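# Fold and contact review
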Amino acid sequence: MGKISPHPLSALSIEETSRARDIVLAESPKNVIQFRMIYRQEPKKAELVDFLALEHSGKLTSTSPRPPRLASVHYVQAHQSPDRRADEFETIVDLDKNFIISKKIVGTEYLAGLSTWEFDILVESCKTSPLIQERVAQFDLPPGFDIVIEPWPYGGMDQPGEVRRYFQGLVYAVDTRTNNPDSNFYAFPLPIIPVMDFEKREIVRIDELATGGAGDDLVPAAPRTGGVLNHCVSAEYVPELIPGGTRKDLKPLSVVQPEGPSFSIVDESLVEWQKWRFRVSFNPREGAVIHDVHYDGRSVLYRLSISEMTVPYADPRPPFHRKQAFDFGDGGIGHAVNSLTLGCDCLGVIKHFDGVLVNPEGDAEKAARVICLHEQDNGIGWKHTNWRTGRAVSTRRRELVVQFIITLANYEYIFNYKFDQAGAISVETRATGIVSVVNIDAGKTAPWGTVVNPGALAQNHQHIFCVRIDPAIDGHKNTVVQNESLPLPMDARTNPYGNLYEVKETRLTTSVGVDACPQNNRIFKIQNLDKKNPISGRPVGYKINPPPTQKVLADPGSTQAHRCQFAKHHLWLTKYRDGELYAAGEYPLSSKREEGGVADMIARNDDLLQEDVVLWSCFGLTHNPRVEDWPVMPVEIMELHISPVDFFTANPAIDVPSGKDTTSQLTTGSCCSKEKPRL
């Protein structure tokens with residue numbers, strides 16, 4: 001009996017990843033190759049849909065046709081001649097037949113995503129650069145301080161000519177006298193940014209930073225020298241360095257599941273919980289991805305993922321006009337993903353999922369615990385009290401959470417896909433970490449940021465996320481309807497008392513970008529017009545409430561805005577095409593404009609009436625820092641809701657048990673109250 005192939009939606013194993021690497025190396029044995037990413041190539045949807053239909057019908061057998069098992073291999077290939085620029089390749093490998101089926105070179109007008117080993121080279125280049133050594137020597141650093149280089153993407157290219165593979169480094173100083181490797185160096189920013197031409201492996205210049213504030217020139221009059229850190233003070237966050245230590249009056253609060261979790265896992269990718277059934281996988285470009293979502297045997301979503309996010313900064317002083325990260329597209333988030341800690345990142349009875357990453361040599365390495373799955377309580381789910389009898393029936397809102405966390409230099413982002421017992425899905429993002437700061441002169445303030453610590457200016461910026469939603473509402477032919485509640489004037493015949501309002505629905509039948517409108521209660525229904533709800537008579541569907549957050553604030557003519565066209569609307573509707581997964585296009589690193597992103601997709605003006613539609617929900621945080629964000633900011637939470645609307649014939653959570661939690665108890669003694677003082 002032959003070996004059973006992995007499920008088409010499961011991530012590549014270590015063995016498969018290694019085999020894909022070996023196939024690529026065998027084709028080019030004389031060239032120096034450094035690998036960036038190897039991950040499962042998405043099957044063509046038409047092939048996968050047929051396979052999934054067999055699976056859900058119970059007719060799948062070991063001989064049923066399967067989509068080919070493919071690997072996407074991204075790598076750099078150097079030439080024998082040092083004068084030739086290295087080629088960036090993206091290759092598709094057929095793992096069933098062990099050969100390369102397609103191979104393309106990333107064009108010179110784009111830059112392939114960065115890799116952490118390039119950042120390592122940037123740091124080493126900075127350490128050995130005479131240019132930097134001479135410049136740092138001009139600062140009168142306090143005794144015991146060493147410099148720290150924080151690698152960053154270069155941002156939007158602002159030079160004419162070809163796109164160059166530049167990287168930059170933010171420079172800080174760390175107080176080594178603490179004898180703690182986690183001492184907070186962000187409190188001591190230095191006013192320089194080294195720029196490296198990666199092709200040359202050389203620091204080509206040092207950008208000098210202005211340190212003034214309101215009313216000062218945007219360009220420094222002269223490079224700063226001397227005691228630029230004399231007015232800076234430490235700001236520690238690790239518990240052992242916090243003055244006075246941590247609080248001593250916080251008692252344990254535990255999540256206890258004495259009978260274990262209510263979910264089950266099959267073949268390390270299939271999750272079943274409370275009528276939900278879906279698969280989860282990990283890839284280094286998008287993190288956790290949810291596939292083939294069903295509720296009580298009915299199809300809801302084909303695929304759900306975090307497509308992109310951008311962080312444009314609003315400091316007008318050069319070179320900060322370039323300061324803009326694409327935290328997924330610049331290089332993928334694979335090596336930025338956290339290994340999640342039991343009891344800290346996830347509570348209760350946890351299932352961890354591992355990922356697979358590669359080093360520069362293409363060696364497959366297990367990325368342990370990159371996703372956690374757990375249940376959590378989120379308050380009351382539904383409740384009603386019969387006031388006549390006094391009986392109350394109440395259920396708790398339990399959620400199943402798929403979580404991954406990434407650390408990108410100073411910032412952390414927590415991403416949660418949350419499934420509830422009433423058939424709804426939420427995508428939650430949480431931003432935390434340390435705000436990016438630059439040096440500011442003593443006593444100065446600036447309108448483009450907030451002084452959060454003496455000598456440390458946190459610049460205003462935005463975090464704009466894009467969630468890609470590929471629905472399958474009782475099938476893959478769906479239509480999006482804009483639904484609004486609009487006031488109506490008094491009318492003697494139709495609205496004599498003026499209390500009537502109109503619920504207006506508009507079908508969006510071609511690809512388009514649209515916006516939230518809270519004053520109109522604007523929502524968007526994803527409907528299957530071929531399936532009617534037997535109670536309401538309306539098409540079955542799910543609705544999206546786009547968070548009405550600010551869109552990109554950079555001027556439409558700016559490079560910042562050109563690079564993130566996806567941030568111009570709250571919601572985009574496109575027609576499905578294989579391979580279109582990224583809102584800002586495949587190659588945003590150092591781009592001058594968005595290429596192949598959602599703006600280009602809607603330009604096709606595709607028909608979306610009962611077609612395979614894809615929705616891209618864009619929302620974010622305009623982060624004008626506050627002192628309370630320092631030294632590590634409390635989480636800022638944003639959430640997208642995907643909820644059933646006329647999909648069921650009643651509340652699908654009506655059968656959730658209303659039992660009492662027997663571990664809950666009343667407080668005793670005086671722990672929660674104090675005696676009133678005697679007069």
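Going by an unreviewed UniProt entry, the protein carries the name Amine oxidase and comes from Stachybotrys elegans. Reading the Subunit (unreviewed entry) entry of the UniProt record for the protein gives the comment "Homodimer." Taken verbatim from the UniProt record of the protein, the Sequence similarities (unreviewed entry) comment is "Belongs to the copper/topaquinone oxidase family."

Okay, the domain arrangement of the protein next. Considered domain by domain, the protein is made up of domain 1 (14–105), domain 2 (116–241) and domain 3 (264–313 + 324–435 + 460–649). If you average the C-alpha positions of domain 1 and of domain 2, the two centres end up 39 Å apart. Contact with domain 1, which involves 7 residues of that partner, is made by 7 residues of domain 2. Both faces considered, domain 1 and domain 2 share a buried interface measuring about 530 Å² in area, 33% of it formed by carbon and sulfur atoms. Together, Gln34, Arg36 and Arg85 form the three largest contributors to the area buried by domain 1 at its contact with domain 2, with a combined 79%. At the junction of domain 1 and domain 2, the tally comes to 2 salt bridges. Close ionic contact of Glu88 with Arg165 constitutes a salt bridge, the shortest N to O distance being 4.0 Å. Here domain 1 and domain 2 share 2 residue pairs in polar contact (both at pLDDT 80 or more) between them.

Let us look at helix α4 (residues 130–137). Taken together, the buried positions of α4 are Ile132, Arg135 and Val136. Angular distribution of buried residues about the axis of α4 spans 95 degrees; they occupy a single face of the element. Along α4, the residues that are exposed and aim more than 90 degrees away from the buried face are Pro130, Glu134 and Ala137.

Here the focus is the state of the cysteines. As used in these notes, a disulfide is a covalent bond between sulfur atoms, one from each of two cysteines. In total, this model carries 1 disulfide according to the counting rule given. One disulfide bridge connects Cys346 with Cys372, the sulfur atoms lying 1.8 Å from each other. Here Cys346 and Cys372 share a disulfide; its torsion about the S-S bond, -70 degrees, makes the bridge left-handed. Within this pair, whereas Cys346 is found in the loop between β14 (324–326) and β15 (351–358), its partner Cys372 is found in strand β16 (residues 364–386), the two being separated by 26 residues in sequence. Judged by relative accessible area, Cys346 falls into the buried class, the value being 1%. Using a relative accessible area of 0% as the deciding quantity, one classes Cys372 as buried. In this model Cys618 remains outside any disulfide bridge; the closest cysteine sulfur is found in Cys466, 3.6 Å from its own.

Let us look at the pattern of salt bridges. A side chain of one charge can pair with a side chain of the opposite charge when the charged atoms of the two come close. Inspection of the entire model under this criterion finds 55 salt bridges. A salt bridge links Lys104 to Glu90; its shortest N-O distance comes to 3.8 Å. Here Lys104, found in strand β4 (residues 99–105), pairs with Glu90, found in strand β3 (residues 87–94); they are 14 residues apart in sequence, far enough to count as distant. When its relative accessible area of 12% is taken as the criterion, Glu90 is described as buried.

Our next topic: the side chain of His463. Tracing the sequence through the fold places His463 in strand β23 (residues 461–471). A distance of 3.4 Å separates a polar atom in the side chain of His463 from a polar atom in the side chain of Tyr411. Other than its neighbours up to four places away in sequence, His463 contacts Thr310, Val311, Tyr411, Tyr413, Phe619, Gly620, Leu621 and His623.

Moving on, we come to the packing of aromatic side chains. Aromatic ring pairs: the centre-centre distance and the angle between the two ring planes describe each pair. The final tally for this structure, using the stated rule, is 25 aromatic pairs. Where Phe185 meets Tyr186, the ring centres are 4.4 Å apart and the plane angle is 35 degrees; that geometry is what we call tilted. Neither Phe185 nor Tyr186 differs from the other in exposure class; each is buried. Seen in terms of ring centroids, Phe278 and Phe419 are 4.3 Å apart; in terms of plane orientation they differ by 10 degrees. Their pairing is stacked. Here the residue Phe278 occupies a position in strand β11 (residues 276–283), and Phe419 occupies one in strand β18 (residues 411–420), the gap between them amounting to 141 residues. Of the two residues examined, Phe278 and Phe419, each falls in the buried class. Connected via pairs of aromatic rings, a cluster forms that spans Trp276, Phe278, Tyr295, Phe419, Tyr542, Phe647 and Phe648. Above the ring of Tyr302, the side-chain terminus of Lys45 is found at 4.3 Å from the ring centroid. Over the face of the ring belonging to Trp616 we find Arg468, whose NZ or CZ atom lies 5.4 Å from the ring centre.

What follows deals with empty space enclosed by the protein. Unfilled space is identified by rolling a water-sized probe across the atoms. Per the counting criterion, the structure on display carries 4 cavities of 30 Å³ or more. As a volume, the largest cavity reaches approximately 70 Å³. Forming the boundary of the largest cavity are Leu170, Val171, Tyr172, Pro189, Leu190, Ile192, Ile193, Leu209, Phe320, Val437, Val438 and Asn439. Of all elements in the fold, only β6 (166–175), β7 (192–197) and β20 (437–439) reach the threshold of two or more residues within the lining of the largest cavity. Of the residues contributing to the lining of the largest cavity, the split by class is 11 nonpolar, 1 polar and no charged. Taken as a whole, the second largest cavity encloses approximately 40 Å³ of empty space. Forming the walls of the second largest cavity are Trp152, Gln168, Leu170, Ile193, Pro319, Phe320, Arg322 and Lys323. Of the residues contributing to the lining of the second largest cavity, the split by class is 5 nonpolar, 1 polar and 2 charged.

Parameters and conventions
- Residues numbered from 1 in each chain as written.
- Predicted model: local features only at pLDDT ≥ 70, side-chain atom pairs only at ≥ 80, totals over all residues.
- Heavy atoms only, no water.
- UniProt positions renumbered as here; feature names shortened; annotations may be inferred.
- Domains from an automatic or database assignment.
- Contact = heavy atoms within 4.5 Å.
- Buried area = accessible area lost by both parts, 1.4 Å probe.
- Salt bridge = Lys/Arg side-chain N within 4 Å of Asp/Glu carboxyl O.
- Polar contact = N/O pair within 3.5 Å; in protein donor to acceptor, adjacent residues only side chain to side chain.
- Buried < 20%, exposed > 50% of the residue type's maximum accessible area, 1.4 Å probe, protein only.
- Helix = DSSP H or I, 4+ residues; strand = E, 2+ residues; numbered from the N terminus.
- Arc of directions from axis to C-beta.
- Disulfide = S-S within 2.5 Å.
- Phe/Tyr/Trp six-rings, centres within 6.5 Å; stacked < 30°, edge-to-face > 60°.
- Lys NZ or Arg CZ within 6 Å of the ring centre and 35° of its normal.
- 1 Å grid on protein atoms, 1.4 Å probe; cavity = no way out; pocket = protein on both sides within 12 Å on 5 of 7 lines; lining within 4 Å.
- Points joined across faces, edges and corners; volume = space filled by probe spheres on them.
- Nonpolar A, V, L, I, M, F, W, Y, C, P; charged D, E, K, R; others polar.

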